[in-house]
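As a plain string of letters, each chain reads:
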Amino acid sequence: MTALLIVDIQNDFLPRGALSVSEGDVIIPVINQLMEVDFDLVVASKDWHPKDHGSFASIQGKAVGDHILLDGLDQILWPDHCVENSAGSEFASELNTDPIEHITHKGMDKKIDSYSAFFDNGHKKSTGLDGILKGEGIEKLYICGLATDYCVKYSALDACNLGYDTFVIEDACRGVNLSEGDSDKALEELRAAGAHIVQSKDVISAC
Ligand code: VGL
Ligand code: ZN
């Protein structure tokens, strides 16, 4: 059984959003096309923070991009983004949400961030997504979305460690690239961890 995981296609990660990802919008038609492939299950994640989340530079009185220790873990500080139930936290309006059968929310605990759709950054708590996928007999997991160098990367690394045959659809992802080349580095790390880096046309034509 094969699933598609769509990571954080939310307004705040689009080009005019609070934590904008360059070209974050151009992957939406690609993802809509991917959903027409016969996946056994389509799931999506949403970054879903309380308004006083500890990863927000505004809460820490520091600059975006600074690092702090948040409850003992290294944390990059971000602009306020994906505040629960805000317009910025909604799925992009162009995304076809009809095929999405489950939505995993992450980052709700203000004391710890959660880039991965499976676990928080300290691997302390599961989001429940692994249980849902395993419960459906999913063995192959295709991953796309935002951002290549954060939430896609950590979701895919966890997927590899959880035993999924993991495919990252490169052209259906875009990165933040705080430093130039971060997305390419993330893809290299994913390859080294055993993930397959593929292109949407290959996924679409293979099915
Ligand atoms: C993300 C930074 C902070 C992401 C979420 O979706 O990649 N990045 N929160
Ligand atoms: Zn976040």
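That block above? That's the structure.
Analysis parameters
- Residues numbered from 1 in each chain as written.
- Chains lettered and ligands numbered in written order.
- Predicted model: local features only at pLDDT ≥ 70, side-chain atom pairs only at ≥ 80, totals over all residues.
- Heavy atoms only, no water.
- Near = heavy atom within 4 Å.
- Polar contact = N/O pair within 3.5 Å; in protein donor to acceptor, adjacent residues only side chain to side chain.
- Areas by Shrake-Rupley, 256 points an atom, 1.4 Å probe, with all protein chains shown as cover.
- Nonpolar A, V, L, I, M, F, W, Y, C, P; charged D, E, K, R; others polar.
- Core = buried A, V, L, I, M, F, W, Y, C linked by side-chain atoms within 4.5 Å.
- Buried < 20%, exposed > 50% of the residue type's maximum accessible area, 1.4 Å probe, protein only.
- Helix = DSSP H or I, 4+ residues; strand = E, 2+ residues; numbered from the N terminus.
- Contact = heavy atoms within 4.5 Å.
- Salt bridge = Lys/Arg side-chain N within 4 Å of Asp/Glu carboxyl O.
- Axes fitted to C-alpha atoms, helices over the stretch in contact; angles between N-to-C directions.
- Parallel < 35°, antiparallel > 145°, perpendicular 65-115°, else oblique.
- Donors = N, O, S within 2.8 Å, 3.2 Å for Na, K, Ca; no water.
- Tetrahedral: all angles 85-135°; square planar, octahedral: opposite > 155°, others 65-115°.
- Patch = residues over 30% accessible without salt bridge, like charges linked within 9 Å, V, L, I, M, F, W, Y side chains within 5 Å.
- Lys, Arg positive; Asp, Glu negative; His and termini not counted.
- Charge placed at Lys NZ, Arg CZ, Asp CG, Glu CD.
- Pairing = 2+ DSSP bridges.
- Right-handed = clockwise from strand over helix to strand, strands pointing away.

(A) Region of the structure containing the site of ligand 1. As a matter of local geometry, ligand 1 sits amid Asp8, Phe13, Leu19, Asp47, Trp78, His81, Tyr115, Leu146, Ala147, Tyr150 and Cys151. Within the contact set of ligand 1, a nitrogen atom lies 3.1 Å away from a side-chain nitrogen or oxygen of His81. Contacts to ligand 1 include Cys151, whose backbone N or O atom sits 3.1 Å from an oxygen atom. Look at ligand 1: alone it shows 260 Å² of surface, and the protein chains cover 100% of it. Looking at side-chain class alone, the shell around ligand 1 contains 8 nonpolar, 1 polar and 2 charged residues.

(B) View of the nonpolar core. Core analysis: the biggest nonpolar cluster contains 62 residues, and Leu4, Ile6, Ile9, Ile31, Leu133 and Leu141 have the highest contact counts within it. Considering every element that reaches this core, the biggest residue donor is helix H4 (residues 148–161), with 7 residues. If near-sequence neighbours (up to four positions away) are discounted, Leu141 is found in contact with Ala3, Leu5, Phe118, Leu133, Ala159, Tyr164, Asp165, Thr166 and Phe167.

(C) Examining the pattern of salt bridges more closely. Overall, the coordinates contain 8 salt bridges when judged by the stated rule. Here Asp47 and Lys106 are joined by a salt bridge, their closest N and O atoms 3.0 Å apart. You can see Asp47 sitting in strand E2 (residues 41–47) and its partner Lys106 sitting in strand E5 (residues 102–106), a full 59 residues away along the chain. Lys106 carries the same exposure label as Asp47, and that label is buried. Among the ionic pairs, Asp202 bridges to Lys201, the shortest N-O distance being 3.6 Å. We classify Lys201 as exposed; its relative accessible area is 56%. Because the salt bridges share partners, they merge into one network encompassing Asp8, Asp47 and Lys106.

(D) A look at the packing of H4 against helix H5 (residues 182–192). Interaxial distance between H4 and H5 falls to 9 Å at its minimum, and their mutual angle equals 5°. Judged by the angle between their axes, H4 and H5 are roughly parallel. Within the contact between the two elements, H4 uses Thr148, Asp149, Lys153, Ala156 and Leu157 and H5 uses Asp182, Ser183, Ala186, Leu187, Glu189 and Leu190. Grouping the constituent residues of the contact of H4 with H5 by class yields 5 nonpolar, 2 polar and 4 charged.

(E) Structural context of the coordination of the zinc ion (ligand 2). Binding of the zinc ion (ligand 2) to the protein goes through Asp47 (OD), His49 (NE2) and His81 (NE2), at separations of 2.0 to 2.2 Å. The site at the zinc ion (ligand 2) holds 4 donor atoms, and with the angles between them running 88 to 171°, its shape is irregular. Within one chain, the residues serving as donors to the zinc ion (ligand 2) are arranged as D-x1-H-x31-H. Placement of the pair is Asp47 in strand E2 and His81 in the loop between strand E4 (73–76) and E5, with a sequence separation of 34 residues. Take Asp47 and His81: they sit in the same class, and that class is buried.

(F) Expanded view of a negative patch on the surface. Together, Asp38, Asp40, Glu101 and Glu136 make up a negatively charged patch on the protein surface. With respect to the helices, strands and loops of the structure, Glu136 is situated in the loop between helix H3 (129–135) and strand E6 (140–146). Take Glu136: its relative accessible area is 45%, and that puts it in the partly exposed class.

(G) Spatial organisation of the side chain of His53. Its location among the elements puts His53 in the loop between E2 and helix H2 (57–60). Within the local environment of His53, its side chain forms a polar contact with the backbone oxygen of Gly107, the two atoms lying 3.5 Å apart. A distance of 3.3 Å separates a polar side-chain atom of His53 from the backbone oxygen of Ile112. Beyond its immediate sequence surroundings of up to four residues, His53 is in contact with Ile59, Gly107, Asp109, Lys110, Ile112 and Asp113.

(H) Focus on the pairing of strand E1 (residues 2–7). Counting buried residues along E1, 6 of its 6 residues qualify, which places the element largely inside the surrounding structure. Side chains Thr2, Leu4 and Ile6 project from E1 onto one buried face, and the interleaved Ala3, Leu5 and Val7 project onto a second face that is buried too. Here 6 bridges tie E1 to E6, and the two strands are oriented parallel to one another. Paired with Leu4 across the two strands is Tyr142, which belongs to E6. Note that the unit made of E1, helix H1 (residues 28–34) and E2 has a crossover that is right-handed.

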